[in-house]
Amino acid sequence: MLKEFQEFIAKGNVMDLAVGVIIGGAFGLIVSSLVDDIIMPIVGAIFGGFDFSNYFLPLSSGVTADTLAAAREQGAVFAYGNFITVLINFLILAWIIFLMVRGVNAMRRRLEREKEAAPAAPPPADVKLLTEIRDLLANR
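What this report covers is the structure whose coordinates are included nearby. Source: prediction; values computed, not measured.

The rules we used
Residues numbered from 1 in each chain as written. Predicted model: local features only at pLDDT ≥ 70, side-chain atom pairs only at ≥ 80, totals over all residues. Heavy atoms only, no water. Core = buried A, V, L, I, M, F, W, Y, C linked by side-chain atoms within 4.5 Å. Buried < 20%, exposed > 50% of the residue type's maximum accessible area, 1.4 Å probe, protein only. Contact = heavy atoms within 4.5 Å. Patch = residues over 30% accessible without salt bridge, like charges linked within 9 Å, V, L, I, M, F, W, Y side chains within 5 Å. Areas by Shrake-Rupley, 256 points an atom, 1.4 Å probe, with all protein chains shown as cover. Salt bridge = Lys/Arg side-chain N within 4 Å of Asp/Glu carboxyl O. Helix = DSSP H or I, 4+ residues; strand = E, 2+ residues; numbered from the N terminus.

So, on to the nonpolar core. Grouped together as the largest cluster of nonpolar side chains are seven residues: F56, V63, A65, L68, A71, V77 and A79. Those residues in contact with F56 that lie beyond four places of it in its chain are V63, A65, D66, T67, L68, A71, V77, F78, A79 and Y80.

This paragraph deals with a nonpolar patch on the surface. Taken together, L2, F5, F8, I9 and M15 make up a surface patch of nonpolar side chains, about 510 Å² in accessible area. Of all the elements, helix α1 (residues 2–10) adds the most residues to the nonpolar patch, at four residues.

With respect to the secondary-structure elements, N89 resides in helix α4 (residues 80–117). If we ignore the near neighbours within four places in the chain, the residues touching N89 are V31, S32 and V35.

Quick look at the pattern of salt bridges now. The tally for this structure, following the rule as stated, stands at two salt bridges. With a shortest N-O distance of 3.1 Å, R134 and D135 are connected by a salt bridge. In this structure R134 comes out as exposed when scored by relative accessible area, which is 52%.

Right, here's the structure in full:
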């Protein structure tokens, strides 16, 4: 079983997947920072200087805090502002992944067109000679 596991891990697809997951996690942090530190403050400034991430509705009477973190410690809250921030984060990630897949697909189509347009290489001399011998024998 250990040998079979080593063969599984040694396959290129598993390593590619591992690298993709690691890069995806790092990329997710970059997008989260983009949304939290750049986009949402601009959106907040446009709509009156508020921070979306701290918008919530208390679901119990014991919640009196002004920030989401403090309100969550006091009781249940409906954190719609945080949801909006996460939704924008997802939309940016989805858009970037769409653009990446679109670019890869365009590159594949271009490579396929180039491969189809390239003239076929002439067969080697020995294959050409064997083909001629075959044709001569077929004509007899």
